[in-house]
Amino acid sequence: MAVSPLVAPTSDAFKPSRPISSPFKRQTSAVPSSNGNGTPRYPPAARSAPGDGAAMTLDPIEQLNEDEKRKYVKGKKLGEGTYANVYLGHVRHDPSTLVAIKKIKVQQQYQDGMAPDAVRELKYLRELQHPNIISLLSVFSSKDQNLNLVLEYLPLGDLEMLIRDVDRVRYGAGDIKAWMGMLTRAVWFCHDNFVLHRDIKPNNLLIAADGEVKLADFGLARSFADPGRRMTANVITRWYRPPELLFGARHYGGAVDIWSVGMVFAELIIRAPFLAGNTEVEQIALICKQIGTPTEDNWPGVTQLREYTVPSEVVPVWGKEAYMGRFGAVGADGVDLLVRTVALDPKKRITAREMLEHRWWRTDPKPTRKEDLPRKSGGEEKMGADLKRRNGILDDETNNRGAKVARKLDFGQAK
Amino acid sequence: MAAEDARYRQTSQYQMWSFSPTQLAAMRENTNAAARTRIAERLASLPAASNTTSAPTSSVNTPDPEGASISALPEFLSAPEEAQLMNFYTLELLRAGDHAEMPDEIKATAAAFFRRFYVTNSIMTYPPQEMLIVALFFACKAEGSFISITEFGKQFGKDNPEDILAGEFLLCQGLRFAIDVKHPFRALRGAVMELSTLPDIERNRLVAAEHRAREILRFSALMTDAYFHYTPSQIMLAALSLADRGVAERLITQTFHYVAPPFTSNNNSGSETPATSGPDAPSSNTKRNAAPRSSNNSGEDKSQIIGSHIRDKVLGTIEACRDLLSKELPERREHWTNKTVIKAQITPLRKKLTKCRDPDRWNLVELQRVRREQATKKGGGSDDGEPDDRTLESDAAVFGEALPVPPKRRKVGATDGGGGPGEGKGDPFGGPL
């Protein structure tokens with residue numbers, strides 16, 4: 001069931017079950033002996049706390065946590081942000097298995113305990129298991145009562161890096177099709193599990209060692225609201241934000257993510273952000289100019305949205321042909337799909353499932369096999385550079401354009 | 001294979017928090033026994049350091065509280081007594097949620113959190129009266145409602161946010177960081193919508209059935225172990241069946257209508273956890289099977305999903321769940337708040353509880369403070385950028401007062417937080433510095 005209804009599941013559609021034991025499975029054995037404590041030399045980085053537990057005895061659940069923690073060795077810091085620090089790590093008994101350990105910081109400005117982005121990320125990553133969604137391998141608390149998320153290690157950067165490196169990274173329609181396929185499956189899976197991601201953009205699409213694209217950063221995710229319940233409109237990084245959110249809609253669905261997917265699609269083709277407004281007003285103006293002005297005709301009800309304002313000069317919605325010049329690299333079918341993802345009226349926008357059923361996937365060129373996809377490579381140094389950047393991505397919100405969105409979230413009324 | 005089944009098996013609710021009644025009972029016995037042992041140890045070490053001269057290190061692995069020092073161990077709560085108090089406090093939680101006018105989902109999530117937490121923690125260890133407020137607070141967040149702690153605290157007369165926040169991480173850890181709870185409420189709505197399309201069911205009857213079923217979901221499903229044993233859709237069907245058996249069975253027969261051809265192989269690789277057997281919300285099965293992949297459904301596949309023997313199996317499961325729910329019908333709310341009952345059954349247990357509480361764990365604020373002190377202390381020069389504003393004096397104060405620590409165990413080094421009795425020893429943590 002895991003992959004998508006249309007693309008034949010690869011054999012790893014069901015991941016090996018997570019190494020998360022049931023709370024009691026190991027309780028009896030967890031007490032002193034089972035730790036395989038034989039390894040006398042812990043790398044210094046693993047400062048697994050001399051004196052941990054010395055001042056206080058451990059209850060079974062605490063012992064389990066210690067065991068979980070001890071399965072991993074925390075290595076060098078990859079990045080530091082206001083929300084989290086990210087460390088390279090590896091599995092203790094198998095140093096070749098690398099992981100990323102994201103240590104959520106206690107946020108100074110958030111006085112109400114565990115921060116919303118941490119809660120969301122924990123909640124959704126724990127449940128969503130799919131080849132195109134970053135895996136949460138484990139969770140443990142460190143002694144200072146901080147949350148540590150152990151994530152699969154994705155060493156090849158993100159889509160944004162590939163898109164931007166115009167000089168060294170070349171890719172074609174088959175590659176775009178492969179990446180889009182993986183992205184669409186991830187989004188389909190989220191929506192099929194009633195989860196909205198609400199921050200899809202190229203630098204949240206990380207690349208695994210085998211080329212697989214993985215959707216990451218669920219810090220803004222939420223479950224579909226029951227009909228009638230309001231949600232915040234203040235989500236999704238501006239360039240990827242759909243018109244309904246820019247107009248302040250408080251009721252919305254999976255279509256918001258689909259718009260973002262469309263923007264990523266366009267960006268993959270032209271290798272620059274398609275609609276890069278500096279303000280919300282500018283963003284709306286760009287949408288009107290490049291896609292068409294939302295009106296009662298093409299989107300019944302739009303004028304009722306509380307922040308509906310559009311430039312006075314009404315631009316008719318552009319047809320497919322208008323896109324061919326700039327986006328024709330993916331062929332007429334690809335353009336057809338793109339146009340459907342950026343339908344102004346969210347009700348008319350294609351769904352993730354319909355996207356997967358689109359004929360573009362079946363027309364030539366075939367999607368590139370993931371191991372043949374272009375990657376940002378070129379030796380060890382490159383890899384090191386990628387690693388350093390990885391952090392900025394994993395603990396996303398800090399130093400990129402997503403930051404503002406996240407910070408502005410109106411938690412009081414965000415339901 | 002019904003996609004919902006496979007999907008449900010991926011949830012943390014199924015993977016980590018579903019147990020058979022036998023398993024659950026054994027776990028609770030375990031928890032109770034472990035708590036007794038630990039509390040006995042801790043109480044024994046309370047008097048003073050002087051008491052523990054006899055080889056504190058080795059006593060670690062041979063917990064023998066009865067043997068050595070203690071004369072006056074309190075009488076502990078038994079596992080069944082804990083269970084009874086558990087129900088009492090679950091109702092307290094629901095009442096607190098009502099008082100704060102929280103939506104059903106939040107109250108239900110809080111109740112599930114609360115009961116999960118106390119599967120592996122004894123109520124002798126952590127204070128249920130406070131943890132239930134913590135559970136409500138964290139349930140708000142888990143359900144996407146991020147309200148200010150100050151606002152939240154006011155509703156319960158808690159002026160100090162720390163009183164609530166101190167338990168948040170503890171709760172989260174006790175939940176093993178699985179904070180998504182699947183509820184039967186939406187399933188009920190879906191079932192009723194499905195039923196309303198049937199010509200032979202009167203509208204008034206359906207309205208009444210939904211109303212009653214919802215009451216049962218809001219109370220009975222939370223006051224019992226239903227969430228541990230059954231899937232949301234099973235719980236929903238059981239509640240509906242209690243409300244109006246005819247309506248529930250109509251839905252089930254409607255769904256499992258496929259008449260199998262002579263041969264059937266019904267070895268549903270059945271795992272023994274009951275939660276697997278019933279398909280999630282039969283109503284959605286029919287819809288989802290429109291998926292392209294179902295095109296290769298043979299008759300046998302069909303009978304595996306909507307055949308009559310599956311129907312019988314589902315009916316059996318629903319019946320069992322029904323029995324469970326019927327132990328705490330909504331009318332029992334009065335029972336749990338009835339003064340005479342409280343006085344006769346609950347008050348004595350609470351009295352007992354005050355005498356056998358865990359001295360190290362009961363005060364959540366203090367516990368958290370000590371933990372933070374420890375972390376800060378040993379984290380010196382670490383790369384974690386933790387707040388570092390705590391002074392040595394305050395450490396001393398904490399360890400001096402809060403934790404009666406035999407000073408001689410402070411041998412590991414300056415960074416050692418001091419040694420308590422217990423198995424911290426020999427444990428992995430003595431790694432070289």
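Small disclaimer: the values here were computed from a predicted structure and weren't measured. (Residues numbered from 1 in each chain as written. Chains lettered and ligands numbered in written order. Predicted model: local features only at pLDDT ≥ 70, side-chain atom pairs only at ≥ 80, totals over all residues. Heavy atoms only, no water.)

Draft legend 1. The arrangement of the packing of helix α14 (residues 232-243) of chain B against helix α18 (residues 308-325) of chain B in detail. Residues and elements named next belong to chain B. Between α14 and α18, the shortest axis-to-axis distance is 8 Å and the interhelical angle comes to 70°. With respect to α18, the axis of α14 lies roughly perpendicular. For the pair α14 and α18, the crossing hand works out as right-handed. On α18, the residues touching Q234, I235, L237, A238, A239, S241 and L242 of α14 are T317, I318, C321, R322 and L325. (Axes fitted to C-alpha atoms, helices over the stretch in contact; angles between N-to-C directions. Helix = DSSP H or I, 4+ residues; strand = E, 2+ residues; numbered from the N terminus. Parallel < 35°, antiparallel > 145°, perpendicular 65-115°, else oblique. Left-handed = near helix turned anticlockwise from the far one by under 90°. Contact = heavy atoms within 4.5 Å.)

Draft legend 2. The arrangement of the packing of aromatic side chains in detail. In the structure shown here, the tally under the stated rule is 20 aromatic pairs over all chains. Ring centres of A:W360 and A:W361 lie 5.0 Å apart, and the angle between their planes is 50°; on these two criteria the pair is classed as tilted. A:W361 carries the same exposure label as A:W360, and that label is buried. Taking the centre distance of 5.9 Å and the plane angle of 40° together, the rings of B:F113 and B:F138 count as tilted. In this pair, B:F113 is assigned in helix α6 (residues 104-120) and B:F138 in helix α7 (residues 128-142), connecting sequence segments 25 residues apart. Judged by relative accessible area, which is 0%, B:F113 ranks as buried. You can call B:F138 buried: its relative accessible area is 0%. Through a chain of ring-to-ring contacts, the aromatic side chains of B:F114, B:F117, B:Y118 and B:Y126 assemble into a single cluster. (Phe/Tyr/Trp six-rings, centres within 6.5 Å; stacked < 30°, edge-to-face > 60°. Buried < 20%, exposed > 50% of the residue type's maximum accessible area, 1.4 Å probe, protein only.)

Draft legend 3. Expanded view of the UniProt feature "active site" (unreviewed entry) in chain A. Residue and element names in this part refer to chain A. According to UniProt, the feature "active site" (unreviewed entry) maps to D199 in the numbering used here. Within the secondary structure, D199 is located in the loop between β6 (195-196) and β7 (205-207). What makes D199 buried here is its relative accessible area of 2%. (UniProt positions renumbered as here; feature names shortened; annotations may be inferred.)

Draft legend 4. Up close: the pattern of salt bridges. Enumeration according to the criterion identifies 53 salt bridges over all chains in this entry. A salt bridge links A:D192 to B:R7; the shortest N-O distance between them is 3.0 Å. Residue A:D192 is found in helix α5 (residues 173-192), and its partner B:R7 is found in helix α1 (residues 3-9); the two belong to separate chains. In terms of burial, A:D192 and B:R7 fall into one category: buried. The shortest N-O distance in the salt bridge between B:D98 and B:K107 comes to 2.6 Å. By relative accessible area, B:D98 is classed as partly exposed at 30%. Beyond isolated ion pairs, a larger network of salt bridges with shared partners links B:D98, B:D104, B:K107, B:R214, B:E215, B:R218 and B:R333. (Salt bridge = Lys/Arg side-chain N within 4 Å of Asp/Glu carboxyl O.)

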